There are 2 protein chains.
Amino acid sequence: MRARFTLADIQQHALAIVDRDGLAGLTMRSLAASLQTGAMTLYNYVDSREALEELVVDAVSALVEIPEPTDDWLADTRAVATALWRTFRAHPAAIPLVLTRRTSSRASLAPAEALAAALARGGMDGVDLFVAFRTVSAFVMGIAQNELAGPLSREDDATSAAQRVATLAPDALPTLTKIAPVGATFTGHEFERGLTIVLNGLVHTPRPPASTGQASGLS
Amino acid sequence: MRARFTLADIQQHALAIVDRDGLAGLTMRSLAASLQTGAMTLYNYVDSREALEELVVDAVSALVEIPEPTDDWLADTRAVATALWRTFRAHPAAIPLVLTRRTSSRASLAPAEALAAALARGGMDGVDLFVAFRTVSAFVMGIAQNELAGPLSREDDATSAAQRVATLAPDALPTLTKIAPVGATFTGHEFERGLTIVLNGLVHTPRPPASTGQASGLS
DNA sequence: ACCTGAACACCGTTCAAGT
DNA sequence: ACCTGAACACCGTTCAAGT
């Protein structure tokens, strides 16, 4: 019998379930039901639950709208990072998978390549390029983590981060207690402003002479 | 009957299991066995598996050696961030939990408070302090993510990230293909150098005038 | 090659009964 | 209040049989 499904079918249904019912809602059985088959059918397409989750990460990555390169590498770097962040925000229930599952599919590496390429256009290479890539990439993933489960993340229920922190130990955590209400109010711009900080750092950090075997590039 | 265990007992055994057997090795039953009881006994101390995982995150957070404040806020910021990173690296199997589980215990907030306090000593407050805190925090968590599951992370088995990337699509991913071998060689210094970039960015980024209701502080 | 139901091992948790 | 075994619902996956 011919293949009834494509990998894309499976990815779409799986991501839809995660978006609708959360991560816990995605099981082999629930996905199979969504595709109107038995659970075992899925194993013709996917090795394991783990592999299925990687497929979901790929599906999310494929939704990143990678911007066309311009002649402004800094703006390009910002654009790719922003595109990633926008996609993650649109699928918050999938963020734990994005943070946690390793993929090396074309789909998931395409945004990474775009980011690295933009930085390379800035004149970096070798170790410098690697460090810059890691730094920007870490910032983007870390902001996703902060949003999801960070110390001052927003709440689902009524209790704000401010209240939670204050209730816990108002005296032991004076600075957090002071910041917490800011986090609750000032929402949605941490990413842009934080990214500006990181990119400014990139521009203002002198590149040390190559210490390993790798060339440090120009500048 | 008096309580046979303390929460600290449970945390220690749970973290030990995660360190030894990985995250999948930690189950209610395996933890109970480690404590020489039945699985149900654990529910006298912990509400659910989810709560147990938060307890593991607390246990890891408690291991962070928070440095004493000095008169150099930048050095202090660096020291707290480095202490966090060192602790995460020492318990790699727990990183998925650290990235994913939300805690608001004293233990987990103490390093966050130390980080925020160091930045506050740098003269930031209000929105600026919030943004700075989020940015440094995101970088630290993101580096942990990169190490664990990022695009150029190191491998358990023989196949290097370089090979993996190259095999997949050498032409479509030229920049990553070029960087990949650097990641394999240049190991352990991305954090320091990336942190320098972020901190330089902090110092070199002008603070915009307050746009929300929050005061933007001095400078 | 792909499909699929039955069955198995395992896991979190409820229940009910103990002290 | 804390302990605990039996039992239940659920989940990933193996097996064996089909086309």
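Everything below is about the structure printed above this text.
Worth saying up front: this structure is predicted, and the values here are computed from it rather than measured.

The rules behind these values
- Residues numbered from 1 in each chain as written.
- Chains lettered and ligands numbered in written order.
- Predicted model: local features only at pLDDT ≥ 70, side-chain atom pairs only at ≥ 80, totals over all residues.
- Heavy atoms only, no water.
- Least-squares fit on C-alpha atoms with pLDDT ≥ 70 in both.
- Contact = heavy atoms within 4.5 Å.
- Buried area = accessible area lost by both parts, 1.4 Å probe.
- Salt bridge = Lys/Arg side-chain N within 4 Å of Asp/Glu carboxyl O.
- 1 Å grid on protein atoms, 1.4 Å probe; cavity = no way out; pocket = protein on both sides within 12 Å on 5 of 7 lines; lining within 4 Å.
- Points joined across faces, edges and corners; volume = space filled by probe spheres on them.
- Helix = DSSP H or I, 4+ residues; strand = E, 2+ residues; numbered from the N terminus.
- Nonpolar A, V, L, I, M, F, W, Y, C, P; charged D, E, K, R; others polar.
- Near = heavy atom within 4 Å.
- Polar contact = N/O pair within 3.5 Å; in protein donor to acceptor, adjacent residues only side chain to side chain.
- Buried < 20%, exposed > 50% of the residue type's maximum accessible area, 1.4 Å probe, protein only.

Asker: Lay out the relation of the copies chain B and chain A in plain terms, naming residues and giving numbers.
Answerer: Of the transformation placing chain B onto chain A, the axial shift is 0.0 Å and the rotation is 180°, giving an RMSD of 0.0 Å. The transformation relating the two chain copies, once decomposed into turn and shift, fits a two-fold axis. Minimal C-alpha separation from the rotation axis in chain B is found for Gly201 of chain B, amounting to 1.7 Å. Residue by residue, 100% of the interface of chain B is reproduced at the interface of chain A, so both copies engage with the same surface.

Asker: Talk me through the interface of chain B and chain A; I want residue IDs and the actual numbers.
Answerer: Taken together, the contacts link 72 residues of chain B with 73 residues of chain A. Looking only at chain B, the three residues that lose the most surface to chain A are Arg102, Phe130 and Arg134 of chain B, adding up to 12% of its buried area. Linking chain B with chain A are four salt bridges. Across the pair Arg134 of chain B and Glu190 of chain A runs a salt bridge, and its minimum N-O distance is 3.6 Å.

Asker: I'd like a rundown of the layout of surface pockets, residues and numbers included.
Answerer: Space inside the largest pocket adds up to approximately 870 Å³. Around the largest pocket, the lining is made up of 30 residues, and of these Thr100 and Arg101 of chain A together with Leu23, Pro96 and Leu148 of chain B lie nearest the centre. Elements with a contribution of two residues or more to the lining of the largest pocket: α3 (49-62) and α5 (95-100) of chain A together with α3 (49-62), α5 (95-100) and α7 (126-149) of chain B. Considering only residue class, the lining of the largest pocket consists of 13 nonpolar, two polar and 15 charged.

Asker: Help me get a handle on the protein's contact with DNA strand D, residues and values and all.
Answerer: Residues in close proximity to DNA strand D total 17 residues, the closest being Arg29, Met40 and Arg49 of chain A together with Arg4 and Thr37 of chain B. Sugar and phosphate atoms represent 52% of those atoms of DNA strand D found within 4 Å of the protein. Contacts to DNA strand D include Met28 of chain A, whose backbone N or O atom sits 2.9 Å from a phosphate oxygen. Take Thr41 of chain B: an N or O atom from its side chain is 2.9 Å from a phosphate oxygen of DNA strand D. Per-class residue counts for the surface near DNA strand D are seven nonpolar, five polar and five charged.

Asker: So what's going on with the protein's contact with DNA strand C? Residues and values would help.
Answerer: The environment of DNA strand C is made up of 17 residues, and the closest members are Arg4 and Thr37 of chain A together with Arg29, Tyr43 and Arg49 of chain B. For DNA strand C, the fraction of atoms within 4 Å of the protein that belong to sugar or phosphate moieties is 52%. Within the side chain of Asn44 of chain A, an N or O atom sits 3.5 Å from a phosphate oxygen of DNA strand C. Within the side chain of Arg29 of chain B, a nitrogen or oxygen atom sits 2.7 Å from a base nitrogen of DNA strand C.

Asker: Before we move on, could you go through the pattern of salt bridges and cite the residues and values that matter?
Answerer: The final tally for this structure, using the stated rule, is 16 salt bridges over all chains. Between Asp76 of chain A and Arg121 of chain A there is a salt bridge; the shortest N-O distance is 2.5 Å. One end of the pair, Asp76 of chain A, is in helix α4 (residues 73-90); the other, Arg121 of chain A, is in helix α6 (residues 106-121), and 45 residues separate them in sequence. The class for Asp76 of chain A is buried, based on a relative accessible area of 6%. The partner of Arg101 of chain B in a salt bridge is Glu50 of chain B, and the shortest N-O contact between them spans 3.5 Å. Here Arg101 of chain B is found in the loop between α5 and α6 (106-121), whereas its partner Glu50 of chain B is found in helix α3, with 51 residues between them in sequence. Since its relative accessible area comes to 39%, Glu50 of chain B is described here as partly exposed. Among the charged side chains, a salt-bridge network with shared partners connects Arg49, Glu50, Glu53 and Arg101 of chain A.

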